[in-house]
Amino acid sequence: QKEVEQDPGPLSVPEGAIVSLNCTYSNSAFQYFMWYRQYSRKGPELLMYTYSSGNKEDGRFTAQVDKSSKYISLFIRDSQPSDSATYLCAMKEDSWGKFQFGAGTQVVVTP
Amino acid sequence: NAGVTQTPKFQVLKTGQSMTLQCAQDMNHNSMYWYRQDPGMGLRLIYYSASEGTTDKGEVPNGYNVSRLNKREFSLRLESAAPSQTSVYFCASSEAYGHEQYFGPGTRLTVT
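Residues numbered from 1 in each chain as written. Chains lettered and ligands numbered in written order. Predicted model: local features only at pLDDT ≥ 70, side-chain atom pairs only at ≥ 80, totals over all residues. Heavy atoms only, no water.

(A) Broad picture of the interface of chain A and chain B. Residue-level contacts link 21 residues of chain A with 23 residues of chain B. Counting the surface lost from both chain A and chain B, the interface buries some 1,700 Å², and carbon and sulfur atoms represent 57% of this. Where chain A touches chain B, the interface holds 0 salt bridges. At the junction of chain A and chain B, the tally comes to 3 residue pairs in polar contact (both at pLDDT 80 or more). With 4 residues, strand S4 (residues 32–38) of chain A is the largest single contributor of residues to the side of chain A that touches chain B. Looking at the side of chain A that touches chain B residue by residue, the classes come out as 11 nonpolar, 5 polar and 5 charged. (Contact = heavy atoms within 4.5 Å. Buried area = accessible area lost by both parts, 1.4 Å probe. Salt bridge = Lys/Arg side-chain N within 4 Å of Asp/Glu carboxyl O. Polar contact = N/O pair within 3.5 Å; in protein donor to acceptor, adjacent residues only side chain to side chain. Helix = DSSP H or I, 4+ residues; strand = E, 2+ residues; numbered from the N terminus. Nonpolar A, V, L, I, M, F, W, Y, C, P; charged D, E, K, R; others polar.)

(B) Summary view of the state of the cysteines. Counted according to the given criterion, the structure contains 2 disulfides over all chains. Here Cys-23 of chain A connects covalently by a disulfide to Cys-89 of chain A, the sulfurs 2.0 Å from one another. Its torsion about the S-S bond being -105°, the disulfide of Cys-23 of chain A and Cys-89 of chain A is classed as left-handed. One end of the pair, Cys-23 of chain A, is in strand S3 (residues 19–25); the other, Cys-89 of chain A, is in strand S9 (residues 85–92), and 66 residues separate them in sequence. When its relative accessible area of 0% is taken as the criterion, Cys-89 of chain A is described as buried. Disulfide pairing is shown between Cys-23 of chain B and Cys-91 of chain B; the S-S distance is 1.8 Å. Across the disulfide from Cys-23 of chain B to Cys-91 of chain B, rotation about the S-S bond amounts to roughly -70°, and the bridge is consequently left-handed. Of this pair, Cys-23 of chain B sits in strand S3 (residues 19–25) while Cys-91 of chain B sits in strand S9 (residues 87–94); the two residues are 68 residues apart in sequence, bridging distant segments of the chain. (Disulfide = S-S within 2.5 Å. Buried < 20%, exposed > 50% of the residue type's maximum accessible area, 1.4 Å probe, protein only.)

(C) The arrangement of the layout of surface pockets in detail. In this structure, the largest pocket occupies an estimated 500 Å³ of space. Lining the largest pocket are 19 residues, and of these Gln-38 and Thr-86 of chain A together with Gln-37, Asp-38 and Pro-39 of chain B sit closest to its centre. Looking at the lining of the largest pocket, the elements that each hand over two or more residues are S9 of chain A together with strand S4 (31–38) and S9 of chain B. In this structure, the second largest pocket encloses a volume near 220 Å³. Lining of the second largest pocket is provided by 13 residues; of these, Glu-3, Phe-30, Lys-98, Phe-99 and Gln-100 of chain A occupy positions nearest its centre. Secondary-structure elements contributing two or more residues to the lining of the second largest pocket are strand S10 (100–101) of chain A together with strand S5 (42–49) of chain B. Tallied by class, the residues present in the lining of the second largest pocket amount to 5 nonpolar, 4 polar and 4 charged. (1 Å grid on protein atoms, 1.4 Å probe; cavity = no way out; pocket = protein on both sides within 12 Å on 5 of 7 lines; lining within 4 Å. Points joined across faces, edges and corners; volume = space filled by probe spheres on them.)

(D) View of the pattern of salt bridges. By the definition in use, this model includes 6 salt bridges over all chains. Residue Asp-83 of chain A pairs with Arg-60 of chain A through a salt bridge whose shortest N-O separation is 2.9 Å. One end of the pair, Asp-83 of chain A, is in the loop between strand S8 (71–76) and S9; the other, Arg-60 of chain A, is in the loop between strand S6 (54–58) and strand S7 (61–66), and 23 residues separate them in sequence. For Asp-83 of chain A, a relative accessible area of 2% corresponds to the buried category. A salt bridge links Asp-38 of chain B to Arg-36 of chain B, with the nearest nitrogen and oxygen atoms 2.9 Å apart. Taking relative accessible area as the criterion, Asp-38 of chain B reaches 11% and is therefore assigned buried. Salt bridges sharing partners connect three or more residues here, namely Arg-36, Asp-38 and Arg-44 of chain B.

(E) Region of the structure containing the nonpolar core. Of all hydrophobic cores here, the largest spans 23 residues; its most connected members are Trp-35, Ile-72, Leu-74, Tyr-87 and Met-91 of chain A. Residue assignment for this core shows that the elements contributing at least two residues are S3, S4, strand S5 (45–51), S7, S8, S9 and strand S11 (105–110) of chain A. Those residues in contact with Ile-72 of chain A that sit more than four places away from it in its chain are Leu-21, Asn-22, Cys-23, Tyr-25, Phe-33, Trp-35, Gln-64, Val-65, Cys-89 and Met-91 of chain A. Counting 19 residues, the second largest nonpolar core, distinct from the first, contains Cys-23, Tyr-47, Leu-76 and Leu-78 of chain B. (Core = buried A, V, L, I, M, F, W, Y, C linked by side-chain atoms within 4.5 Å.)

(F) Inspection of the side chain of Asp-38 of chain B at higher detail. Residues and elements named next belong to chain B. Tracing the chain through its elements places Asp-38 in strand S4. Polar side-chain contacts of Asp-38 include one of 2.8 Å to the side chain of Arg-44. Here Asp-38 is in contact with Arg-44, Thr-86 and Ser-87, once residues within four sequence places are set aside.

Listed below in structure tokens is the structure:
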């Protein structure tokens, strides 16, 4: 079993809808949680970072962490065609630890 | 400020050939990483270097070697390429205790 599980999709939504993405993990030592966005044929770029449990909002993006359930989520409000990309979750145990990535979920926002 | 650069962008190798993937960063980061990305597998860590002069194995190191040439450069070498090494390779860097990794554009490698 992988340490980090993520549904590969594709997830197709109409423009303006809310996109809901999630990852589950098995390692209770993870404390740092990240979401990366990767456009086709590009390298990933950091979208959101959260430490421990709780919510974080940045514009149209909201990241949630539920450590008791070992579950993290990313919500994209008012989705745009430019949000079409693959979204990868990533986690690490310590400030100096290695990153563990999920497989990524492909999102397609249709006009 | 170029960020993380990788060369080459594309490469086709025959089984048994060797090659070196080059990576350089201009952000004065201490830590550098090599990942491979395969469909359905996400990013898997091959090797990383926490600081200049140190390297450590990641999740899938077999068949690869690395060199941290200086603070800026971190190369990945395939000594005898195999079809299973067909993948997209990404180099990344981060501050020593940072949570943000900066990725290069990737190298698309095909081994026939």
